Every structure is written in structure tokens, then in C-alpha cells.
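Residue-level listing of the chains:
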Amino acid sequence: MNIFVINAGSSSLKYQLFKMPAEQPICVGLIERIGLSGSIINHKVFTGGQEKTVREELDLPDHQAALQEVVKLLTEAGTGVIQDPGEIDVVGHRVVHGGERFSDTTVITPAVKEQIKMLFHLAPLHNPGNFQGIEVAENLFHKATQVAVFDTAFHQTMPEKAYRYAIPASFYTQDGVRVYGFHGTSHKYVAAKVGEYLDNPEAKVITIHLGNGCSMAAVKAGKCIDTSMGFTPLDGLIMGTRSGAIDASVVFYLASKLGMPMEQIDNLLNKKSGMLGLTGSSDMREVQKARAAGDPDAILAYEMYAYRIQKYIGSYAAALNGVDALVFTAGVGENDALTRELVCQNMEYLGVHLDQTRNAVRNGSLREINTPESPAKVLVIPTNEELEIANQCCQLLAEVR
Ligand SMILES: Nc1ncnc2c1ncn2[C@@H]1O[C@H](COP(=O)(O)OP(=O)(O)O)[C@@H](O)[C@H]1O
Ligand SMILES: CC(=O)OP(=O)(O)O
Ligand SMILES: [Mg+2]
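The structure presented is a predicted model; accordingly, all values stated were derived computationally and were not measured. (Residues numbered from 1 in each chain as written. Chains lettered and ligands numbered in written order. Predicted model: local features only at pLDDT ≥ 70, side-chain atom pairs only at ≥ 80, totals over all residues.)

## With respect to the pairing of strand 3 (residues 24-32)
Condition: Pairing between strands requires that DSSP locate at least two bridges from one strand to the other. Helix numbers and strand numbers start at the N terminus; a helix is a DSSP run of H or I with at least 4 residues, a strand a run of E with at least 2.
The pairing of strand 2 (residues 13-19) with strand 3 spans seven bridges and is antiparallel. The residue of strand 3 that forms the bridge with Tyr15 is Gly29. Joining the antiparallel neighbours strand 2 and strand 3 is a turn of four residues, in which Glu23 adopts a positive phi near 60 degrees. Where strand 3 meets strand 4 (residues 39-47), six bridges bridge the pair, whose relative direction is antiparallel. Opposite Ile31, over in strand 4, you have Ile41 as the bridge partner. Linkage of strand 3 to strand 4, two consecutive antiparallel strands, is achieved through a turn of six residues, within which Arg33 is found at a positive phi near 60 degrees.

## Topic: helix 3 (residues 127-140)
Note the cut-off: Helix span is expected to be 1.5 Å times the residue number reduced by one. Put simply, a residue is buried when 20 or more other C-beta atoms lie within 10 Å of its own C-beta and exposed when 12 or fewer do; between those, it is partly exposed, and each C-beta is set from the backbone. It is the directions from the helix axis to the C-beta atoms that the arc portrays. Residues are scored as being in contact if the C-beta atoms we place from backbone atoms lie within 7 Å.
The terminal C-alpha atoms of helix 3, which comprises 14 residues, lie 20 Å apart, in line with the 20 Å expected from a rise of 1.5 Å per residue. When we look at burial in helix 3, the residues that qualify are Asn127, Gly129, Asn130, Gly133, Ile134 and Ala137. Looking straight down helix 3, one finds that the buried residues subtend no more than 160 degrees of arc, so they occupy a single side. Here the buried face of helix 3 lies against strand 1 (2-8), helix 1 (63-75), strand 6 (90-95), helix 2 (110-118) and strand 8 (145-150).

## Examining the site of ligand 1
As a reminder, the rule being used: Each residue receives a C-beta atom built from its backbone; the residue is near a molecule or strand if that atom lies within 6 Å of it. In this classification, Asp, Glu, Lys and Arg are treated as charged, Ala, Val, Leu, Ile, Met, Phe, Trp, Tyr, Cys and Pro as nonpolar, and every other residue, Gly included, as polar. The split into domains, and so the bounds of each, comes from an automatic or database assignment of domains.
As a matter of local geometry, ligand 1 sits amid 17 residues, with Gly9, Gly211, Asn212, Gly331 and Asn335 nearest to it. Listing elements by their share of the shell around ligand 1, those giving two or more residues are helix 10 (284-292) and helix 12 (330-335). Per element, the largest residue contribution to the shell around ligand 1 is four residues, and it comes from helix 12. Across the shell around ligand 1, the residue classes tally to three nonpolar, 11 polar and three charged. A domain split of the shell around ligand 1 shows at least three residues from each of domain 1 (2-150) and domain 2 (200-380).

## Observations concerning the domain arrangement of the protein
Looking at the protein, the domain boundaries give domain 1 (2-150) and domain 2 (200-380). On a C-alpha basis, the centres of domain 1 and domain 2 stand 26 Å from each other. On the side of domain 2, nine residues touch domain 1, which itself brings 11 residues to the contact. When its residues are assigned to classes, the side of domain 1 that touches domain 2 shows five nonpolar, five polar and one charged.

## A word on the site of ligand 2
What surrounds ligand 2 is the set Gly9, Ser10, Val96, His126, Asp151, Phe182, His183, Gly211, Asn212, Gly213 and Pro233. Broken down by class, the residue content of the shell around ligand 2 amounts to three nonpolar, seven polar and one charged. The two domains that each donate at least three residues to the shell around ligand 2 are domain 1 (2-150) and domain 2 (200-380).

## Comments concerning the nonpolar core
In plain terms, the rule: Take the buried Ala, Val, Leu, Ile, Met, Phe, Trp, Tyr and Cys residues, join any whose C-beta atoms are within 7 Å, and the set you get is a nonpolar core.
Ranked by internal contacts, the top residues of the largest apolar core, which has 99 residues, are Ile206, Leu326 and Val327. A per-element tally of this core places helix 11 (residues 296-320) first, with nine residues. When residues of this core are assigned to domains, at least three map to each of domain 1 (2-150) and domain 2 (200-380). With sequence-adjacent residues up to four places away left out, Leu326 is seen in contact with Ile206, Ile208, Ile313, Val352, Ala376 and Val378.

## Some remarks on the packing of helix 1 against helix 3
Threshold: Angles run from 0 to 180 degrees between N-to-C directions of axes, and those axes are lines fitted to C-alpha atoms, restricted for helices to the stretch in contact. Should the near helix be turned counterclockwise from the far one by less than a right angle, the crossing is left-handed, whereas a clockwise turn marks it as right-handed.
As a packed pair, helix 1 and helix 3 sit with axes 10 Å apart at the nearest point and diverge in direction by 35 degrees. Both helix 1 and helix 3 take part in a crossing whose hand is right-handed. Contact with helix 1, carried on its side by His63, Gln64, Leu67 and Val71, involves Gly129, Gln132, Gly133, Val136 and Leu140 of helix 3 and no other residues of that element.

Spelled out as C-alpha cells, the structure:
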């Protein structure tokens with residue numbers, strides 16, 4: 001069975017074609033810096049034991065433009081891997097917000113699409129792009145079964161004390177205002193890898209997903225017990241363009257004292273804040289360069305970014321009653337040794353001891369970066385949301401057939 005997976009993040013579009021259940025990748029692609037100048041496409045094809053990479057640089061203003069490029073790469077001579085769209089049996093879509101309605105992987109029907117559309121305002125950087133992906137895929141691969149895998153699903157195991165807000169209950173029961181949590185597919189994938197690596201299915205793990213969007217999860221015995229994003233992907237950590245946790249009164253102040261319309265405040269906190277607001281760039285590679293050049297804004301932004309993560313580590317260690325492993329994943333978590341170093345400073349009280357030499361190594365596989373004596377493990381685990389989505393599609397279709 002050929003499963004094509006589309007993972008639209010806020011700044012990126014990732015896609016993979018797999019032969020399942022063998023988990024054999026046929027092509028893998030990553031488009032970065034969507035919406036910024038100089039978007040980068042990396043498209044890799046695996047045929048007959050050989051690997052061929054195509055790299056392109058062009059300006060892609062939005063996810064729609066990015067998807068059009070993907071379609072070209074998939075089908076054109078030289079880069080293509082399919083002759084006929086009918087070769088794709090299933091398209092697996094990452095959908096970020098599933099609301100209260102979707103806690104499991106689901107086959108996409110017109111009613112499901114309607115629901116995803118109704119959640120646009122709760123995930124403005126994501127659900128619209130996810131929806132576009134579904135529409136493009138339905139047109140292109142009209143014979144394929146379209147499946148949605150929700151970022152919110154893995155967090156459904158949180159206890160009520162973790163997912164409720166201390167506001168009158170009717171806002172939860174009638175309006176669904178609660179913590180949902182996001183990046184669930186990634187947290188689930190890396191937490192499972194830690195369980196295997198430690199050979200301890202009961203492990204107490206803190207997963208730290210640092211991409212353009214950033215979130216953490218406290219995971220006990222493979223199940224999420226708390227997470228840092230909330231009702232929407234705006235809460236918690238400092239991100240590429242999002243503020244993360246902020247006193248709600250700031251919103252009232254901006255509205256009533258400064259006269260900012262709600263839409264503008266929403267835009268400010270989701271798209272103009274975080275590292276972008278603090279330094280002028282949402283791309284951690286650029287912030288890192290500025291920091292190395294002595295830019296005080298970049299130095300402070302790095303400190304704030306790491307300090308926020310440390311505070312969540314402390315609270316999740318409390319929630320878990322200890323920690324067996326910290327896991328860094330996603331674009332920044334996998335690649336930025338400096339972030340990992342700053343986060344792991346002053347963590348001896350938790351038994352976290354980072355090994356600088358191991359931390360500096362860069363490769364694409366699971367690696368341990370703590371000292372040999374460190375009671376807690378510190379791991380870098382490349383996430384693979386696409387593979388997790390492909391596996392979940394297989395499981396769902398085995399159940400419904
Ligand atoms: N070598 C690197 N060093 C530091 N940051 C990096 C590196 N490579 C990628 N990143 C950062 O990863 C982030 C994107 O991560 P990713 O997980 O792809 O994001 P998303 O899926 O949220 O769009 C960007 O901020 C980018 O700067
Ligand atoms: C939910 C979220 O923030 O996703 P991403 O990091 O892919 O933008
Ligand atoms: Mg992502």
C-alpha cells in the first residue's frame with residue numbers, strides 16, 4: 001500500500017511517500033521558510049537502493065504555493081516517483097486542531113472537512129494550510145482514501161486537573177474551552193522511541209519539541225499527563241513567532257488602553273511575537289548568528305527561550321515525580337546544540353548532566369548527550385511525524401476494512 005503523508009507546519013511543509021506496512025520511504029521532502037524570503041525545498045528520492053536529492057530555492061508565499069511545487073516534484077520527469085496519481089492508495093494528513101470532536105485518526109468525509117474548517121480560528125497558522133492540503137490531495141489523488149491524524153489526539157490521556165482551566169465549568173462543558181495540546185504525533189513518536197531505547201515501558205519522560213512551534217509533554221508509561229500548549233498552539237514556550245504563555249491581562253490592556261482590535265492582537269501574539277518579536281527573525285539559525293555577533297536582543301532572546309523551557313522541565317519533573325529522560329526533537333531541538341546547552345544548565349538537581357562533546361555532534365539518528373554518570377538521560381531523537389501518521393493510517397484502515 002502506498003501512503004503519501006502531508007505535514008503542514010506553520011513555517012514548513014513536509015511530505016513522504018511510504019510503501020506500507022514495510023515503512024519503506026520512496027521519497028521524502030521538506031520545504032522550509034514558507035512565507036519568508038528564500039524558501040528552500042529539499043526533495044529526496046530513493047530508487048533501487050540509490051538516493052537522489054534535488055534542492056531548490058525560491059519564494060513561496062504560502063502553503064498553497066508550496067503544495068503546487070510538491071505536486072510538480074512528485075510527478076515530473078527527473079524528480080517524480082509516480083506516473084499516475086492512482087498509484088497512491090492513501091493520503092495521510094496532519095491536522096493540527098481536532099477540537100473536542102476528534103480524538104482519533106479518522107477517514108476524511110465532507111462532514112470532517114466542515115469540522116476542520118470550523119476550527120480555523122483556534123489554529124490560524126495551521127488548520128487553513130492543513131485544509132488546503134486536503135483539497136489539493138482530493139483533486140490530485142481522487143482515488144485515494146484521505147485520512148486525518150490530529151496533533152491533539154495523543155494528549156487526550158491527560159487527567160482533568162491538567163486540561164481544565166479555572167474558569168466557570170460551563171465554558172468547558174458548553175464551549176469546549178480546555179487545554180488540548182498539540183504536536184501530539186511527534187511527542188508520541190519520540191516517547192515511544194525512548195521507551196524502546198531505555199527498555200523501560202514505564203519511563204518518566206519529558207519530551208521537548210522545538211520547531212517553529214514549540215511544546216513540551218510530560219509522559220509517564222507512554223501516556224501524556226501534561227503538555228505546554230493549551231486551547232490553541234499559542235500557549236507555553238516561546239516560539240518562532242508566538243509569545244507562548246502570557247498574562248491574559250496583557251490582551252485586555254492592548255485592547256482597552258491601546259485600542260488595538262482583537263484581530264490585530266491575535267495577529268501580534270501568533271505571528272509577530274516570540275523570537276521574531278524579540279530579535280527580528282523567527283529562524284533560529286539567524287538568531288544564533290546574531291547572538292554570536294554579540295547582538296544583545298539575540299542574547300536575551302536565547303536566555304528567555306531556554307529559561308521558559310527550564311521552568312516547564314521543573315514543573316513536569318514535579319508532575320512525574322522524577323525524570324528518567326529529557327528528549328529534544330524537531331528543527332531546533334535536533335540541530336541547535338546551543339539551545340540544548342542553555343536548557344541543561346543548572347539542572348544538576350534533577351540529575352541532568354550534559355556532555356558538551358556529545359552535544360556538539362550532529363547526525364540524523366537517536367543519540368545520548370548526557371555524561372556517562374548522569375542519572376537522567378538527555379536524548380536527541382529526530383522526530384518522524386510522517387512515519388507515525390503513515391502507521392496510524394495503516395492501523396485505522398485495518399480496523400475499518
Ligand atoms: N541547524 C539549525 N540550527 C538551529 N536551528 C535550526 C537548524 N535547522 C533548523 N532550525 C530551526 O528549526 C525551526 C523549524 O523547525 P521545524 O520542526 O521544521 O518547524 P515547523 O514544523 O514548526 O514548521 C526553525 O526555527 C529553524 O531555524
Ligand atoms: C502546532 C504547531 O505549532 O505546529 P508547528 O510547530 O508544526 O508549527
Ligand atoms: Mg512541525
